[in-house]
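# Structural overview
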Amino acid sequence: MASALHPAAELLFYVNGHKVIEKKADPETMLLPYLRKKLRLTGTKYGCGGGGCGACTVMISRYNPVTKKIRHYPANACLIPICSLYGAAVTTVEGIGSTHTRIHPVQERIAKCHGTQCGFCTPGMVMSIYTLLRNHPEPSPDQLTDALGGNLCRCTGYRPIIDACKTFCKTTDCCQSKENGICCLDQEINELPEFEDEDKTSPKLFSEEGFLPLDPTQELIFPPELMMMAEKQPQRTRVFHGERMKWISPASLKELLEAKAAHPQAPVVVGNTSVGPEVKFKGVFHPVIISPDRIEELFVVSHTYNGLTLGASLSLAQVKDILADVILKQPEEKTQTFCALLKHLGTLAGSQIRSMASLGGHIMSRHLDSDLNPLLAVGNCTLNVLSKEGERQIPLNEQFLSKCPKADFKPEEILVSVNIPYSRKWEFVSAFRQAQRQQNALAIVNSGMRVFFGEGEDIIRELSIYYGGVGPTTICAKTSCQKLIGRPWNKEMLDEACRLVLDEVSLPGSAPGGRVEFKRTLVISFLFRFYLEVSQILKKMDPVRYSSLADKYESALEDIHSRHHWSILKYQDADPRQLPQDPVGHPVMHLSGIKHATGEAIYCDDMPAVDQELFLSFVTSSRAHAKIVSIDLSEALTLPGVVDIITGEHLDGINIMSFLGDPEALLATDEVFCVGQLVCAVIADSEVQARRAAKRVKIVYEDLKPLILTIEEAIQHNSFFEPERKLEYGNVDEAFKVVDQILEGEIYMGGQEHFYMETQSMLAVPKGEDQEMDIYVSTQFPKYVQDAVAATLKLPANKVMCHVRRVGGAFGGKVSKTGIMAAITALAAHKQGHAVRCILERGEDMLITGGRHPYLGKYKVGFMNDGRVLALDMEHYSNGGFSLDESLLVIEMGILKMDNTYKFPNLRCQARVCRTNLPSNTALRGFGFPQAGLITESCITEVAAKCGLSPEKVRTINMYKEIDQTPYKQEINSQTLIQCWRECMAMSSYFLRKASVEKFNAENYWKKKGLAIVPLKYPIGLGSLAAGQAAALVHVYLDGSVLVTHGGIEMGQGVHTKMIQVVSRELKMPMSNVHLRGTSTETVPNANVSGGSVVADLNGMAVKDACQTLLKRLEPIISKNPQGTWKDWAHAAFMESISLSATGYFRGYESNMDWEKGEGHPFEYFVFGAACSEVEIDCLTGDHKNIRTDIVMDVGCSINPALDIGQIEGAFIQGMGLYTIEELDYSPQGVLYTRGPNQYKIPAICDVPTELHISLLPPSQNSNTLYSSKGLGEPALFLGCSVFFAIHDAVSAARQERGLFGPLKLNSPLTPEKIRMACEDKFTKMIPRDEPGSYVPWNIPV
Ligand SMILES: Cc1cc2nc3c(=O)[nH]c(=O)nc-3n(C[C@H](O)[C@H](O)[C@H](O)COP(=O)(O)OP(=O)(O)OC[C@H]3O[C@@H](n4cnc5c(N)ncnc54)[C@H](O)[C@@H]3O)c2cc1C
Ligand code: FES
Ligand code: FES
C-alpha cells in the first residue's frame, strides 16, 4: 500500500512569494479556509463554497519541467484541496499590491473606475483580471468577458468593472467589435442617429490620466525553488494523512495504477469541481483520494492520423485552447466535433472552473447535464483506459454514460486519454444548449447531434443524437436515429424525427428539475435547428441540388449573444461656482474602493479569532409544518469539540422576539412552520466540528395539516395576516358603468433572493466585565441587534454594543433575521463566557432568511377606447411566509406606490399578506414597489393591446399631469417625470428603433426583437416622522483631524463617502482630513434601520447639523484667525475650553398616513425616471439578449454622480434579474431547491445590455433634502421591468406572426422557459402534455 511505503509528506507550496510548509496537511482542508484562517490572508472571500460565485478567486501558477513553461490560471480557492498545491505558487489579492507598499494597476483601476460598491466581490474580480493580464497583457474584450464570466457581483451591475478592464485593452475606448460591421465608435448604431443634447456636459466619471501603467516586469516571479524542485527532486509518491482522510499523489503512472488497485473506490481527483461539491453539499465522504497531478501521460496531446488524443488531466481551458488551435489549422470538414466542443467550452462554467476542471473528470463524472459528453458521444470518441491488468479502449457511448456495468470502467481502472476522431466529409456535428443564463449556468437541456451522408447525397447514412438534462444521465435517441437511416434530409424526415424522438426521450411530468414541457419542446426545437443548420451547409456545398431555406427561417441559426459592451453616461458636473476644494457633486471614488481592491477592507468574518473563540451552527427544520416530537442531541454532544447545544427549551421566557410588534420564536419548540426555521444551535470549538455535530442532531417530526405554501392555497384556506390594507380614490363602481371596455386579469410574480455576496455573519464577544457584550455583525440595523441581544440576555441596552464597519451587501436582508441569529449567538457567548462566531453558509443563508415576496395581482380595469383608464380595481396578495416580519409595511408601500406614474381617477386597491409555511419573506430593495409596479404596468400593457394602441401611448395618456394628486391625496409635481420620459424617448431614438424592430421582426421568423419604455415615479419616505430621525457625531482633534460617525450603515452604497463629502463641504477641509471608522450603537444610539433609499439623506442632514454646530461654536475663534488652519483653531478652542465635539440631529421628514381615511403625506419627494430597453429573443429556445438600455433619471443635485450612477445601474441590473432570470424553486413539500449560485441565477456579466446609456437630468432644486439631492438606492430597480416588457413585446410579435392574437399573459420572471412556451408553434403543439393532477410536479410556484 502506498501509505506503508511512503511516510506522511510535508506539503510545500508558495503563497504570495512566501514559502508555506504544512506538516499536517489535511486533505479535507480547502485553500480558502487555509488562506483565511491559517495564513490570515482574508482578502480572498467566501461567497458560496461551490465554485459558483468567484469571490474566492486566486491565481495558481505551476511550472512544467518538461515544457519548461509556467502556467498561470484563475481558480476558486473554495474547491482547491491544499494537498493538491504541492509545488504550486498561489497568488492572492494581497500578493499583487497593497496600500502599504504599492497598489497594482488592476486594483487601482477597478477602484477609480467605481467598480466596487460593497467590495465583497472585488478581490475575486481583481484576481480574475490580474490572471488574465498575466497571460494576455493587452486582452481583447472577448477575453475580458470570458475572464469575468465566473465572477458574480450583486451591487455594481458590472458596467464600471467592464470599463475598468477596458483600460487594459489595446484600444481602450473602442469595443473592438466589428460584429455586423458595427463598432462603438461608429456614430450610427443600427443606422440610427445617436442622441446628443447640447446642454449637457458629460465629464467622465474617472480620468485615465495618472493611472499606474501595467508593467509585467513588476509582477511576482515564479519561485525559483519550486522550479528547482520540479526539475531535480526525486519523484516519490506523496501521501498526506488527515484526521479522517488520506491523499495519495503517485509519482508515476505505474504507482498511480498501484494506488488505484489498492484503493479501487478512491476517486481520482484532478480539479475537484465535481468531487468537491459532492463532498460539501451532498455529504459524500472519501477516506482516500488519489491525485494524478504529476502523471505526464495524463497530459498528452497527440495528433494522430484519425484525430486528436487528449490526456485526461488536461484542464477544460487547455482543451479549449488546443481545439481552437487545431480548428485554425485543419480543414473545416475534419473539425466538426472540435467546433461543437469549442462552442460549449465557451459557455461552460466560468474561467476558474474551466481552468481547474479536467477533461477526464468531466467525462467520468457523467453529470446528467454535462455539456461535453453528448458531443463526445456523437463524435464517436473512445477512452483509453489503463489498469495494472493492462490497457483497453472503451467507447464513450450511451452504455458508458449510463454506467452500464458491461461498458463501464472497472474500479481499478483509470482514464488516461480520450480519442476524438476527425469528422469526415459529408459529416456534420452540432452542439445545442439552453440554460437559465447564457454563461456560467448548467444547461436545462443540451444536445449533441451528428449526421453523416453518403458522398454527394442527402441520404442519412449515420445519425447520432444525445441529450443532456432530460434523464438521469446523458441519453441517446438511438432507436429514432436507427429508424431514420436511409431517409433523405427533408421536412418529412424532420417531422418524423420529432415524433420519434419525443416518443423515445420521454420525460415524466414529475421529472426532477421540473420545466418538463419546456424540456420536451427544447428536445425537438434543437432537432429542428440541427435540420436547418445541416440544410444550410448542404445548400452551400451544392447550391443547385439543395433548395435554400426561406430567408426568414435562417434567423433560427444566428447566435444572439454578443460579448461586447459599451456605455455612455451623461451627467452634469458640479456647479462651477462651487469652491474648488468642495467635493460635493463630484464623482469621488468610494472611500473604501482601494481597500476593497487590495483585500484590506475588513468584513465581519475577516476579524481575527478572539482567544478561545467558539463557532455556532444552526440546525433548521426539514419540514414545512410539523410537530416536533423529539430532539435527540446525544450523538451530536459526544462529538469532539462540541461545547453546547441550545434548544428552545433553554430559552425559557426569552424565546420570543418582536420585530415591528410581531412576535417570532428564536428557536422552534413544539411546532415548526417552515423548512429552514431555526430549531437549535450547536456550539463547538471549530466551524468544522460545529457543522458536523449539527448534522447529527436528530429531530423527529410529525407532519401537520394544513400545509400552505402557495398564494392560491392561502386564499383557499383564508390564511392571512392582519390587517388587510385598502386604498380608495374616486368612485370605482360608478366609473365602471361609463367606460367603453372592461378587462380582468391577473399576473403572478415570483420572489427574489437578496444574494448579498457576504452571507449573514456575526461575532459575539463577552467583555468579561459587568456582563458587557460586543456584537460585530453584518447588519443594516445595529439598534435592533442591540435590542434583540439585550432582551435575550436580560440586560439593559447599555451593556450591549453592536458594531458594524461595513456590510458586504444587504438589500434589505440583514435586518430582522439577523437580529434573531445575533441574539442566539450572543446567548451562546454569554453562556460559555467565550466569543462565538456564526457565519452562515450560502445554502443555509438562502434557506433561512427569506427574500422578496412573491405576489399575485388581480385586476379589473375599465377604460375608454382611446386608452384612458377610468377605473381600476386591484387586489394584491403577497406570500409573507410563516411570520409577519416586514410584510405589512411591504404591502402598504406596494399599495401607496402602485399608481407608478399614472393618474387613475377611480381606484381601489386592496392588499393582503398570505400566511404560508415558507420562511418569512422580508424587505428587499424596492420594498413592494417592484411587484406592485409590475402589476400596474402589465395592466396598462393589456389595456393598450385591447385598444390596439401602443403601450407607450397608453402610458403617456394616463400619466400624471404636471401638478396633480396621488390616490392618497398628496400633491405631486411631475414636471421632471415628463422631462425624463421625453428625454428617454429622444435619447433612445424610440420611434426610429421601433420601426427598425418592426422591420427586423417582419424579416425574421425565429428571432424577434422587442422594445419597451417604462416610466418611473418612486416616492421616497418612510411613512413616519420617527422612522426618519437620524443622528451623527463629529469630533475635531487637536491636530485638526476630524472623526465623523453617524447612524447609517455602509453596505456598498457609499454613504460613508458621501458623509465625508458633507463634512468636507461644511467644515471646508479636504476629505483626506476626515475619517470614519464605522457605525456603532456606542457612538450613535437608537439609530434607525439603514434602508429605504434615505440613508444618506437623513444621516447627511445630521452630519451637516453637527458640523454647523461646531462651526457656530468655533466662529469667534475662526474669525479671530481666518487664515489659520484647523489645527490652529482646534488648539485655540481647547485653550478656551470650547468643546470640539458635536452631535448632529435630524428629526426626519414630516410624514403621515391615515389608512382609515386613505389619505396622508407619507412621502417627502419623488424620484422620477424612465428606461427604454431593446431585446432580441430566440423563439426556438427562449433565449434572450439585452441589446440596449437607455435610462434617464432625475436625481436632484447629485452629491456624488459616480455613486449615484452606480446605484442606478446596480439596481437596474438587479431588477432585470428579478424580472427575467432569478427564479426560486420550491418542492411541493416547501423545500427550497435553489440554495446557491449554481441553482439560482443572478445576472452575470453576460446579461449586461450590450449598450447601456445613462443620463441624469440637469440638477433640480429640492429644498427639503440634503443639498437638494435625492435617494437612489431603490428606485431604478423597477426600471429592470423595461426588459420584461421588451421581451413581452418580442413574444407578442412572434405570436402575432403565428396567428395568435388573444391576450398574452406572461408572469415574472420571464425566463427562457416562459419565453419559449409563449412562442407557441408546431413544436410546442407537438409535445405531450400531462393532465394537471395526474402527477406530482417537482416544483411549485409559491
Ligand atoms: C460552478 C460549476 C459550474 C459548472 N458548470 C458546468 C457547465 O456549465 N457545464 C458542464 O458541463 N459542467 C459544468 N460543471 C461541471 C464540471 O464540468 C465538472 O465538475 C468537471 O469537468 C469535473 O472535472 P474535475 O477535474 O474537477 O473532476 P474531479 O472532481 O476531480 O473528479 C470527478 C470524477 O472523475 C473521476 N476521474 C477524474 N479523472 C479520472 C481519471 N483520469 N481516471 C478515472 N477517473 C477519473 C474521479 O474519480 C471523480 O469521480 C460545473 C461545475 C462547477 C463546480
Ligand atoms: S466562494 Fe468559491 S466560488 Fe464562491
Ligand atoms: S461590489 Fe460586487 S458584490 Fe458588492
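Described below are features of the structure shown in this document. These numbers come from a predicted model, not from an experiment.

Criteria and thresholds
- Residues numbered from 1 in each chain as written.
- Chains lettered and ligands numbered in written order.
- Predicted model: local features only at pLDDT ≥ 70, side-chain atom pairs only at ≥ 80, totals over all residues.
- Heavy atoms only, no water.
- Helix = DSSP H or I, 4+ residues; strand = E, 2+ residues; numbered from the N terminus.
- Rg over C-alpha atoms; globule rule 2.2 N^0.38 Å.
- Buried < 20%, exposed > 50% of the residue type's maximum accessible area, 1.4 Å probe, protein only.
- Pairing = 2+ DSSP bridges.
- Contact = heavy atoms within 4.5 Å.
- Axes fitted to C-alpha atoms, helices over the stretch in contact; angles between N-to-C directions.
- Parallel < 35°, antiparallel > 145°, perpendicular 65-115°, else oblique.
- Left-handed = near helix turned anticlockwise from the far one by under 90°.
- Nonpolar A, V, L, I, M, F, W, Y, C, P; charged D, E, K, R; others polar.
- Phe/Tyr/Trp six-rings, centres within 6.5 Å; stacked < 30°, edge-to-face > 60°.
- Lys NZ or Arg CZ within 6 Å of the ring centre and 35° of its normal.
- Near = heavy atom within 4 Å.
- Polar contact = N/O pair within 3.5 Å; in protein donor to acceptor, adjacent residues only side chain to side chain.
- Areas by Shrake-Rupley, 256 points an atom, 1.4 Å probe, with all protein chains shown as cover.
- Patch = residues over 30% accessible without salt bridge, like charges linked within 9 Å, V, L, I, M, F, W, Y side chains within 5 Å.
- Salt bridge = Lys/Arg side-chain N within 4 Å of Asp/Glu carboxyl O.
- Core = buried A, V, L, I, M, F, W, Y, C linked by side-chain atoms within 4.5 Å.
- Lys, Arg positive; Asp, Glu negative; His and termini not counted.
- Charge placed at Lys NZ, Arg CZ, Asp CG, Glu CD.
- Expected span 1.5 Å × (residues − 1).

Let us look at the overall build of the chain. Looking only at helices and strands, one finds 40 helices and 48 strands in the chain. Here the C-alpha radius of gyration of the chain, 31 Å, is about what a compact globule of 1342 residues would show, namely 34 Å. A principal-axis box enclosing the C-alpha atoms of the chain has dimensions of 95 × 80 × 70 Å. Split into buried and exposed, the 1342 residues of the chain put 65% on the buried side.

Our next topic: the sheet that holds strand β39 (residues 1030–1036). Across the sheet, which stays open at both edges, the 4 strands sit in the order β41-β40-β39-β43 with mixed pairing between neighbours. The open sheet has two edge strands with one neighbour each: β41 (1074–1075) and β43 (1141–1146). Set on the sheet, helix α35 (residues 1095–1120) makes contact with β39, β40 (1042–1046) and β43; between it and β43 the angle comes to about 140°.

On to the sheet that holds strand β38 (residues 1007–1020), then. Pairing in this open sheet of 5 strands is mixed, and the strands run β18-β48-β47-β46-β38 from one edge to the other. Pairing within the sheet leaves two strands with one partner each, and these edge strands are β18 (566–570) and β38. For this sheet, the mean angle separating the axes of adjacent strands, direction not counted, is 10°. Sheet analysis places β38 next to strand β46 (residues 1165–1178), joined by 14 bridges and oriented antiparallel. Residue pairing for β46: Tyr1018 is matched across the bridge by Val1167.

This brings us to the packing of helix α30 (residues 929–947) against helix α31 (residues 951–958). Pairs of packed helices are described in terms of their axes, by the angle between the two and the distance that separates them. At a closest axis distance of 8 Å, the pairing of α30 and α31 adopts a crossing angle of 115°. Here α30 lies roughly perpendicular to α31, going by the angle between them. By crossing handedness, the relation of α30 to α31 is classed as right-handed. Across the interface between the two elements, Glu937, Ile940, Thr941, Val943 and Ala944 of α30 pack against Pro951, Val954, Arg955 and Asn958 of α31. Looking at side-chain class alone, the contact of α30 with α31 contains 5 nonpolar, 2 polar and 2 charged residues.

Here the focus is the packing of aromatic side chains. Summed over the entire model, instances satisfying the criterion amount to 32 aromatic pairs. The interplanar angle of 55° and the centroid separation of 6.0 Å between the aromatic rings of Phe428 and Phe453 together place this pair among those described as tilted. Of this pair, Phe428 sits in strand β14 (residues 427–435) while Phe453 is found in strand β15 (residues 443–453), placing the two residues 25 residues apart along the sequence. Between Tyr990 and Phe991, the aromatic rings sit 5.3 Å apart at their centres with planes inclined by 90°, giving edge-to-face as the arrangement. These aromatic residues form a ring-pair network of at least three members: Phe428, Phe432, Phe453, Trp489, Phe526, Phe530 and Tyr531. Cation over ring: Arg1298 sits above Tyr1005, and NZ or CZ is 4.1 Å from the ring centre. One residue, Arg1298, lies across the ring of Trp1006, its end atom 5.2 Å from the ring centre.

This next bit is on the site of ligand 1. In the vicinity of ligand 1, 34 residues are found, and the nearest of them are Val268, Val270, Thr273, Ser358 and Asp371. Here an oxygen atom of ligand 1 and a side-chain polar atom of His362 are 2.9 Å apart. Within the side chain of Arg433, a nitrogen or oxygen atom sits 3.5 Å from an oxygen atom of ligand 1. For ligand 1, whose unbound accessible area comes to 980 Å², protein coverage reaches 92%. For the shell around ligand 1, the secondary structure elements donating two or more residues are α14 (359–365) and β13 (414–421). Take the shell around ligand 1: its biggest share by element is 5 residues, from α14. Its residues assigned to classes, the shell around ligand 1 shows 17 nonpolar, 14 polar and 3 charged.

This brings us to a nonpolar patch on the surface. On the surface, Leu1038, Phe1134 and Met1135 cluster together into a nonpolar patch covering about 320 Å² of accessible area. The residue Phe1134 is located in helix α36 (residues 1126–1135) in this model.

In terms of nonpolar packing, the biggest core is built from 255 residues, with Tyr467, Trp489, Ile775 and Met1193 touching the most fellow members. Looking at this core, the element that brings in the most residues is helix α19 (residues 516–541), giving 13 residues. Residues contacting Ile775, with those up to four places away along its chain left out, are Leu763, Ala764, Val785, Val789, Val800, Met801, Cys802, His803, Ala822 and Ala826. Of all hydrophobic cores here, the second largest spans 81 residues; its members include Val15, Tyr86, Met229 and Met245.

Take a negative patch on the surface next. A cluster of acidic residues, Glu769, Asp770, Glu772 and Glu1082, forms a negative patch at the surface. Its place among the elements puts Glu772 in the loop between β29 (761–766) and β30 (773–777). Given the relative accessible area of 34%, Glu772 is considered partly exposed.

Let us look at the packing of helix α5 (residues 122–135) against helix α6 (residues 141–148). The N-to-C vectors of α5 and α6 enclose an angle of 140°; their axes lie 9 Å apart at closest approach. By the angle between their directions, the pair α5 and α6 is classed as oblique. Considering how the two elements wind past one another, α5 and α6 form a crossing that is right-handed. Between α5 and α6, the contacting residues are Met125, Ser128, Ile129 and Leu132 on the first element and Gln143, Leu144, Ala147 and Leu148 on the second. Grouping the constituent residues of the contact of α5 with α6 by class yields 6 nonpolar, 2 polar and no charged.

This part is about the pattern of salt bridges. Within this structure, the stated rule accounts for 80 salt bridges. Between Glu533 and Arg529 there is a salt bridge; the shortest N-O distance is 3.8 Å. With Glu533 and Arg529 both in helix α19, this residue pair falls 4 residues apart, about one helical turn. Pair check on accessibility: Glu533 and Arg529 agree, each one buried.

Burial along strand β32 (residues 836–839) is two-sided: Val836 and Cys838 facing one way and Arg837 and Ile839 facing the other are all buried. The pairing of strand β19 (residues 614–620) with β32 spans 2 bridges and is parallel. The residue of β32 that forms the bridge with Leu614 is Val836. Two elements, β29 and β32, share 4 bridges in a ladder whose sense is antiparallel. Looking across to β32, one finds that Ser761 is bridged to Ile839.

Within β14, 9 of the 9 residues are buried, which leaves the element mostly enclosed by the surrounding structure. Neither face of β14 is exposed, since Glu427, Val429, Ala431, Arg433 and Ala435 on one face and Phe428, Ser430, Phe432 and Gln434 on the opposite face are all buried. As defined by bridge partners, β14 adjoins β15 across 9 bridges and the pair is classed as antiparallel. Opposite Val429, over in β15, you have Arg450 as the bridge partner.

Another aspect to go through is α5. Its 14 residues give α5 an end-to-end C-alpha distance of 20 Å, which sits within 8% of 20 Å, the value for a rise of 1.5 Å per residue. With respect to burial, α5 is a largely interior element, 12 of its 14 residues being buried. Those residues of α5 that fall on the buried side of the exposure criterion are Thr122, Pro123, Gly124, Met125, Val126, Met127, Ser128, Ile129, Tyr130, Thr131, Leu132 and Leu133.

Further remarks concern the environment of Leu763. The residue Leu763 is located in strand β29 in this model. With 508 residues separating them in the primary sequence, Leu763 and Glu255 have C-alpha atoms 47 Å apart. The contacts of Leu763, once residues within four sequence positions are left out, are Cys604, Met607, Val610, Glu613, Asp774, Ile775, Tyr776, Ala835, Val836 and Arg837.

Time to look at helix α26 (residues 782–793). In this model, α26 (12 residues) spans 16 Å end to end at C-alpha, consistent with the 16 Å of a helix rising 1.5 Å per residue. For α26, the buried fraction is high: 9 of the 12 residues fall into the buried class. Taken together, the buried positions of α26 are Pro782, Tyr784, Val785, Gln786, Ala788, Val789, Ala790, Thr792 and Leu793. Here the buried face of α26 lies against β22 (657–659), β30, β31 (800–804) and α27 (816–832).

Turning our attention to the environment of Gly390. Within the secondary structure, Gly390 is located in strand β12 (residues 390–395). Under the relative-accessibility criterion, Gly390 is labelled partly exposed at 28%. Taking the C-alpha atoms as reference points, Gly390 and Ala932, 542 residues apart in sequence, are found 67 Å from one another.

This brings us to the side chain of Arg725. With respect to the secondary-structure elements, Arg725 resides in strand β27 (residues 720–729). Within polar-contact distance, the side chain of Arg725 engages the side chain of Glu892 at 2.7 Å. Setting aside residues up to four positions removed in sequence, Arg725 forms contacts with Leu888, Ile891, Glu892, Ile895, Cys909, Gln910, Ala911 and Trp1155.

Function cannot be read off these values alone, since they describe shape.
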